[in-house]
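A look at the structure
Chain by chain, the residues:
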Amino acid sequence: MSLMYKSTRDSNNTATASEAILQGLATDGGLYVPEKLPKLSVSLEELTKLSYKEIAYEVMKLFLDDFTEDELKNCINKAYDSKFDTENICELKKVGDVFYLELFHGATIAFKDMALSILPHLLTTSAKKNKIEDKIVILTATSGDTGKAAMAGFADVPGTEIIVFYPKGGVSKVQEKQMLTQTGANTHVVGITGNFDDAQTGVKVMFNNEALKEELKAKGYRFSSANSINIGRLVPQVVYYVYSYVNLLKNNEIKAGDKVNFVVPTGNFGNILAAFYAKNLGIPVNKLICASNENKVLFDFFNTGVYDRNRQFILTTSPSMDILISSNLERLIYMIAGEDSDKNKGLMEALKTEGKYEIDDSMKALLSDFIGGFASEDQVAEEIKNVFTDDNYVMDTHTAVASRVYHDYKANTKDETVSVIASTASPYKFATSVMGAIDDKYKGVEDFALIAELNKVSGVKIPKAVDGLETAPVLHNTVCETADMEKTVKRILDII
Ligand SMILES: *Cc1c(COP(=O)(O)O)cnc(C)c1O
């Protein structure tokens with residue numbers, strides 16, 4: 001029996017896993033979701049004997065069941081290799097009263113590597129399976145981390161071009177430099193004058209532009225996506241939640257069946273949705289704690305049932321979470337709407353036209369797995385300093401949002417459940433904010449000038465990703481108005 005995917009805006013619009021990966025977004029503008037969320041077919045005890053890659057196979061085969069064993073194992077082996085600086089691929093560290101699941105040991109030192117190192121292989125395998133001859137153009141909007149991780153994954157992959165749009169002025173120095181120095185003849189980076197939501201909306205509009213798609217087809221191109229709207233991004237992210245639970249079990253921190261909390265610093269709602277899918281697989285979960293920065297649209301949603309993006313967009317020290325339209329929430333909305341695609345579509349249309357929607361009580365009642373929290377900029381800085389002072393552990397600003405939300409949650413609820421915080425970026429990626437939080441004397445000093453100092457303070461080896469980055473040659477310099485994104489794509493593909 002093959003697991004089909006269906007669109008959140010038209011339940012009759014179905015695709016196999018490989019077709020859904022190829023398309024990225026469904027043609028009706030919806031997102032693909034599994035018709036039925038799968039369950040693990042092996043026991044948690046059995047999983048304790050497996051490596052990260054072996055667990056990845058056990059999890060991903062359930063979601064991507066039109067891939068053969070060889071195809072999937074081949075993708076996994078190519079993805080999770082020495083690009084990661086730890087054989088475990090990710091690390092679970094106990095610090096004080098909580099566990100940090102470090103997901104930043106890949107090539108670009110953010111958690112996006114966990115999925116984007118495998119997505120190119122899933123995509124090219126999917127193209128082969130479906131006998132697609134067109135060149136695949138990956139269109140991606142990034143709030144800073146996806147862009148670099150996607151380009152690193154797709155650089156010089158035959159049969160692909162990748163175009164990344166990022167908010168010029170809305171990312172950290174290190175993030176920007178990482179993107180602008182990307183090698184590979186098929187990689188293209190474009191700064192836009194708008195913010196991340198503008199970039200993401202612009203990309204979605206191109207995906208849904210039939211005339212543009214026809215023009216591309218005539219030239220032998222087709223679009224796909226490396227954003228977490230692509231299920232090929234989401235599925236690999238389920239793996240590390242399973243891995244972390246299994247790791248706790250193996251180290252006798254919990255007994256089989258004990259519940260854990262997952263605390264996730266959230267922007268586009270992809271990472272926390274993966275945790276929700278892990279719960280549905282059979283991982284015992286108490287609460288999924290959704291942590292926002294000052295762009296706290298999700299905190300308000302979980303507390304009131306109203307999703308309202310009509311508010312000021314705030315540039316924070318956790319730029320990868322500066323998002324007011326959390327795309328992947330649509331997958332959850334569809335589920336709690338009883339998989340009623342018309343109901344979901346109505347809400348998404350209200351979001352588009354009025355910038356907000358409200359869910360009804362029956363839907364609200366189905367959100368009890370989730371807790372929303374947020375941290376202000378001052379609280380984030382305080383958290384970095386406190387954890388460093390108490391436990392000598394240096395975390396990045398995104399992780400600190402989640403860490404603060406967790407500590408507040410624990411103080412308020414007295415919930416002693418073993419908790420895992422998704423640690424989504426290396427502090428080296430946000431050195432100015434991190435070091436400025438630790439000591440006033442570093443305030444305002446530029447990212448690159450603080451790298452050696454961060455190494456001294458934290459004792460953590462300087463990652464390859466930033467070593468030598470400051471002096472690396474800049475290879476991209478395209479900037480465009482938000483309104484000119486389509487024109488820019490055509491110019492890059494030479495189809496104007
Ligand atoms: C992308 C990103 C996030 C947000 O993840 P979502 O899946 O968009 O919710 C958090 N932290 C970092 C460092 C990121 O790069």
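The model shown is predicted, which means the values in this text are computed figures rather than measured ones. (Residues numbered from 1 in each chain as written. Predicted model: local features only at pLDDT ≥ 70, side-chain atom pairs only at ≥ 80, totals over all residues. Heavy atoms only, no water.)

This model, assessed by the stated rule, comprises 17 aromatic pairs. Judged by centre distance (5.3 Å) and plane angle (65 degrees), the ring pair of Phe301 and Phe302 falls under edge-to-face. One aromatic cluster is present, built from ring pairs that chain together Phe269, Phe276, Phe301, Phe302, Tyr307, Tyr357 and Phe370. We note Lys129 situated over the ring of Phe67; from NZ or CZ to the ring centre the distance is 5.6 Å. (Phe/Tyr/Trp six-rings, centres within 6.5 Å; stacked < 30°, edge-to-face > 60°. Lys NZ or Arg CZ within 6 Å of the ring centre and 35° of its normal.)

When helix H20 (residues 451-458) is considered as a whole, its buried residues turn out to be Ile451, Leu454 and Ser458. On an axial view of H20, the arc spanned by its buried residues comes to 55 degrees, and they lie on one face. Here the buried face of H20 lies against helix H19 (431-438). At the C-terminal side of H20, Gly459 shows a positive phi close to 75 degrees. (Buried < 20%, exposed > 50% of the residue type's maximum accessible area, 1.4 Å probe, protein only. Helix = DSSP H or I, 4+ residues; strand = E, 2+ residues; numbered from the N terminus. Arc of directions from axis to C-beta. Contact = heavy atoms within 4.5 Å.)

What follows deals with the environment of Tyr393. You can see Tyr393 is positioned in the loop between helix H17 (377-391) and helix H18 (397-413). The spatial distance from the C-alpha of Tyr393 to the C-alpha of Gly96 is 9.5 Å, given a sequence separation of 297 residues. In contact with Tyr393, other than residues within four places in its own chain, are Lys93, Val95, Tyr100, Glu102, Val387, Phe388 and Ser423. Here the side chain of Tyr393 touches Glu102 through a polar contact of 2.6 Å, side chain to side chain. (Polar contact = N/O pair within 3.5 Å; in protein donor to acceptor, adjacent residues only side chain to side chain.)

With that settled, the discussion passes to the sheet that holds strand S8 (residues 187-192). Strand order in the open sheet formed by five strands is S9-S6-S7-S8-S16, and the pairing between neighbours is parallel. The open sheet terminates on both sides in strands that have one partner only, identified here as strand S9 (221-225) and strand S16 (478-480). Going across the sheet, the axis of each strand differs from the next one's by a mean of 30 degrees, ignoring polarity. Bridge analysis of strand S7 (residues 160-167) against S8 gives six bridges, and the strand direction is parallel. Its bridge partner lying in S8, Ile163 is registered against His188. On top of the sheet, helix H9 (residues 196-207) reaches strand S6 (135-141), S7, S8 and S9; it is set at about 150 degrees to S6, its chief contact. (Pairing = 2+ DSSP bridges. Axes fitted to C-alpha atoms, helices over the stretch in contact; angles between N-to-C directions.)

The subject of this paragraph is the nonpolar core. Of all hydrophobic cores here, the largest spans 113 residues; its most connected members are Tyr5, Phe63, Leu64, Phe269, Ile333 and Tyr357. Among the elements that make up this core, the one with the highest residue count is helix H11 (residues 231-250) (13 residues). In this structure, Phe63 is in contact with Leu3, Tyr5, Ala17, Pro34, Leu37, Pro38, Val235, Val238, Tyr277 and Leu281, ignoring residues within four places of it in sequence. (Core = buried A, V, L, I, M, F, W, Y, C linked by side-chain atoms within 4.5 Å.)

This paragraph deals with helix H7 (residues 146-154). Buried residues dominate H7, accounting for eight of its nine residues. Taken together, the buried positions of H7 are occupied by Thr146, Gly147, Lys148, Ala149, Ala150, Met151, Gly153 and Phe154. Phi for Asp156, located one or two positions after H7, is positive at around 60 degrees.

This part covers the packing of H9 against helix H21 (residues 485-493). Where H9 contacts H21, the axes come no closer than 10 Å and their chain directions differ by 65 degrees. The handedness of the crossing between H9 and H21 comes out as right-handed. Mapping the contact onto sequence places Asp198, Ala199, Gly202, Val203 and Met206 in H9 and Met485, Glu486 and Val489 in H21. Of the residues contributing to the contact of H9 with H21, the split by class is five nonpolar, one polar and two charged. (Left-handed = near helix turned anticlockwise from the far one by under 90°. Nonpolar A, V, L, I, M, F, W, Y, C, P; charged D, E, K, R; others polar.)

Residues in contact with the ligand amount to 15 residues; listed here are only the nearest, Lys112, Asp145, Gly267, Asn268 and Thr424. Measuring from an oxygen atom of the ligand, one finds a backbone N or O atom of Asn268 at 2.8 Å. The contact in question runs from an oxygen atom of the ligand to an N or O atom on the backbone of Phe269, over 3.1 Å. Its free accessible area being 380 Å², the ligand has 98% of it covered by the protein chains. A class-by-class count of the residues in the shell around the ligand yields five nonpolar, eight polar and two charged. (Near = heavy atom within 4 Å. Areas by Shrake-Rupley, 256 points an atom, 1.4 Å probe, with all protein chains shown as cover.)

Moving on, we get to the sheet that holds strand S11 (residues 285-292). Taken together, six strands build an open sheet; the order of strands is S4-S5-S15-S10-S11-S14 and the sheet is mixed. On the outer flanks of this sheet lie strand S4 (91-95) and strand S14 (370-374), each paired with one strand and no other. The average angle at which neighbouring strand axes cross in this sheet is 25 degrees, direction not considered. The pairing of S11 with S14 spans five bridges and is parallel. When the bridges of S14 are listed, Cys290 appears paired with Gly372. With respect to the sheet, H11 is in contact with S4, strand S5 (98-102), strand S10 (260-265) and strand S15 (419-423), its orientation differing from that of S10 by roughly 140 degrees. With respect to the sheet, helix H12 (residues 270-281) is in contact with S10, S11, S14 and S15, its orientation differing from that of S11 by roughly 175 degrees.

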